[in-house]
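# Close look at the chain arrangement
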Amino acid sequence: MNILGVESSCDETGVALVECHASGVPTLRSQALHSQIDMHQAYGGVVPELASRDHIRRVLPLARQVLAEAGAALDQVDMVAFTRGPGLAGALLVGAGVACALGAALGVPVLGVHHLEGHLLSPFLSDDPPEFPFVALLVSGGHTQLMRVDDVGRYELLGETIDDAAGEAFDKSAKLMGLGYPGGPALARLAEFGDPTVFELPRPLLHSGTLDFSFAGLKTAVRTQLLKLGSNVCEQDRAHLAAATQQAIVDVLVRKSVAALKSTGLKRIVVAGGVGANSRLREQLNAECAKRQARVHYPELALCTDNGAMIALAAALRWQRGRAVVQNDYAFNVLPRWSLAAA
Ligand code: KG4
Ligand code: ZN
């Protein structure tokens, strides 16, 4: 069974071919990605209309490239999977339209996949895949959630952000500091030269006793600190502030992840989504989990941010378990807002 996966929910067009059998971990045959970062950089953030138009330009050439690299013909595709949501409506429609057109032309089933399900299952493409059940920390540009994952399609929300997502906190703070878009990696790079203890920033909801997060206040604290420093803020203070911002976000994410392991009694956690690429988060979470004999699983670094492989993989794992609700009429729709627990 060959599954072609198409991701187009935001600012990356991803296509991949995954092979799976009735049982066993599916394998990635090939993947290709086009990032729109250069295009959106001039605007300081994603421009939805430009994103949709660029997905249209990229998706078919990427699909051709993926098939060529896998040495597979188009008629060897047995299912097409696409990101049905959540994400930007226009961007999602491009992937959905292409997937359904391909499915109709080939006469094969089409499956709409939840973007966050793709992220949280992506460690199954690593050399050291997790075993169910586990806690998942989903940290992307749009979402921050802790889930209990008992199996593919069996997700229980344990806690989530009540305002900004962790990636958004990185991006918005970075923007205030003039670091451009996407801010997460830029802020993390600057933080390497700073001391996280020089400036004191809040850790919202750290002691709330729940597994919910709140990051909106952090961005306000960064703004206030920048105003205090004035327009001549030196490079070293900027680095200290970047380090303090990163540390505040990481402290909250790690504390709540450990609390989720405690409250579920589970000994395994999967970290997925773009912020999962942050090395400070990895260091601190690895250390805390090691103390508690808990295992941490990450996707391969290249699969932390958006990609087509995770979408094809999620479809493969659902198909193996008879949980793939395919669309045989090719009358597609997308769900820009979609709760994972309902997927
Ligand atoms: O999962 P993702 O690629 O897209 C969404 O589904 O949102 O995540 C993108 C987010 C952005 O907010 C980006 O700034 C953040 O992940 N990010 C990072 C790092 N790499 C990406 N944040 C902190 N440190 C990083 N190294
Ligand atoms: Zn994502």
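Treat the numbers as computed from the prediction; the structure is a model and nothing was measured. (Residues numbered from 1 in each chain as written. Chains lettered and ligands numbered in written order. Predicted model: local features only at pLDDT ≥ 70, side-chain atom pairs only at ≥ 80, totals over all residues. Heavy atoms only, no water.)

### Notes on helix α6 (residues 183-191)
Listed as buried for α6 are Gly183, Gly184, Ala186, Leu187, Leu190 and Ala191. On its buried side, α6 packs onto α5 (166-176) and α8 (235-264). (Buried < 20%, exposed > 50% of the residue type's maximum accessible area, 1.4 Å probe, protein only. Helix = DSSP H or I, 4+ residues; strand = E, 2+ residues; numbered from the N terminus. Contact = heavy atoms within 4.5 Å.)

### Describing the pattern of salt bridges
Applying the stated criterion to the full structure yields 16 salt bridges. Among the salt bridges present, the one from Glu49 reaches Arg53, with a minimum N-O distance of 2.7 Å. You can see Glu49 and its partner Arg53 sitting in helix α2 (residues 48-70), 4 residues apart, about one turn around the helix. Residues Arg321 and Asp151 are paired through a salt bridge, measuring 2.8 Å at the closest nitrogen-oxygen approach. (Salt bridge = Lys/Arg side-chain N within 4 Å of Asp/Glu carboxyl O.)

### Points about the environment of Gly103
Assignment of secondary structure puts Gly103 in helix α3 (residues 89-106). Residue Gly103 is classed as buried on the basis of its relative accessible area of 0%. Linking Gly103 and Ala68, residues 35 residues apart in sequence, is a C-alpha distance of 19 Å. Once residues within four sequence positions are removed from consideration, Gly103 is found in contact with Val80, Val108, Val110 and Tyr330.

### Focus on the environment of Tyr43
Among the secondary structure elements, Tyr43 is positioned in the loop between α1 (37-41) and α2. Overall, the relative accessible area of 53% leaves Tyr43 in the exposed class. Along the backbone, Tyr43 and Tyr181 are 138 residues apart, and their C-alpha atoms lie at a distance of 8.6 Å.

### Describing the sheet that holds strand β6 (residues 134-139)
Overall, mixed pairing links the 5 strands, which are arranged β8-β7-β6-β9-β10 in an open sheet. The sheet is open, and its two edges are formed by β8 (154-160) and β10 (295-297), each paired on a single side. For this sheet, the mean inter-axis angle between neighbouring strands, taken without regard to orientation, is 25°. Bridge count for strand β9 (residues 268-272) against β10 is 3 bridges, and the pairing is parallel. Bridge pairing in β10 places Arg268 opposite Arg295. This element, α8, spans β6, β7 (144-151), β8 and β9 of the sheet and lies at about 155° to β6. (Pairing = 2+ DSSP bridges. Axes fitted to C-alpha atoms, helices over the stretch in contact; angles between N-to-C directions.)

### Comments concerning the site of ligand 1
Near ligand 1 lie 17 residues; those nearest to it are Gly141, Asp171, Gly184, Gly274 and Asn278. Gly141 places a main-chain nitrogen or oxygen 2.7 Å from an oxygen atom of ligand 1. In this structure, Asp171 approaches ligand 1 through a side-chain N or O atom, which is 2.6 Å from an oxygen atom. Protein chains bury 87% of the 550 Å² of accessible surface belonging to ligand 1 in isolation. For the shell around ligand 1, the elements supplying multiple residues, two or more each, are α4 (115-121), α5 and α6. Broken down by element, the residue count for the shell around ligand 1 peaks at 3 residues, all from α5. Split by residue class, the shell around ligand 1 holds 4 nonpolar, 11 polar and 2 charged. Per-domain counts for the shell around ligand 1 show at least three residues from each of domain 1 (2-121 + 303-342) and domain 2 (132-298). (Near = heavy atom within 4 Å. Polar contact = N/O pair within 3.5 Å; in protein donor to acceptor, adjacent residues only side chain to side chain. Areas by Shrake-Rupley, 256 points an atom, 1.4 Å probe, with all protein chains shown as cover. Nonpolar A, V, L, I, M, F, W, Y, C, P; charged D, E, K, R; others polar. Domains from an automatic or database assignment.)

### Digging into the side chain of His240
Within the secondary structure, His240 sits in helix α8. For His240, a relative accessible area of 13% gives the class buried. If we ignore the near neighbours within four places in the chain, the residues touching His240 are Gly194, Asp195, Val198 and Phe199.

### What to know about the pairing of β9
Of all 5 residues that make up β9, 4 are buried, and the element is covered over most of its length. Pairing geometry for β6 and β9, over 4 bridges, is parallel. In the sheet register, Leu138 faces β9, and the bridge partner there is Ala272. Note on the crossover from β9 through helix α9 (residues 279-291) to β10: the handedness is right-handed. (Right-handed = clockwise from strand over helix to strand, strands pointing away.)

### Focus: the pairing of β6
Two faces make up the sheet, and in a regular strand the side chains alternate between them. Counting buried positions along β6 yields 6 of 6 residues, so the element is predominantly enclosed. The alternating pattern of β6 places Phe134, Ala136 and Leu138 on one face and Val135, Leu137 and Val139 on the opposite face, and all of these are buried. Two elements, β6 and β7, share 6 bridges in a ladder whose sense is antiparallel. Bridged to Val139 within β7 is Thr144. Hairpin remark: β6 followed by β7, antiparallel, with 4 residues in the connecting loop.

### Description of the domain arrangement of the protein chain
Segmentation of the protein chain into domains returns domain 1 (2-121 + 303-342) and domain 2 (132-298). Placing a centre on the C-alpha atoms of domain 1 and another on those of domain 2 gives a separation of 27 Å. In this assembly, 21 residues from domain 1 lie in contact with 24 residues from domain 2. A combined buried area of about 1,800 Å² lies between domain 1 and domain 2, and 68% of that area is made up of carbon and sulfur atoms. Broken down residue by residue, the surface that domain 1 buries against domain 2 is led by Leu116, Leu120 and Cys304, which jointly contribute 32%. The interface formed by domain 1 and domain 2 contains 1 salt bridge. Taken together, the connections running from domain 1 to domain 2 amount to 7 residue pairs in polar contact (both at pLDDT 80 or more). (Buried area = accessible area lost by both parts, 1.4 Å probe.)

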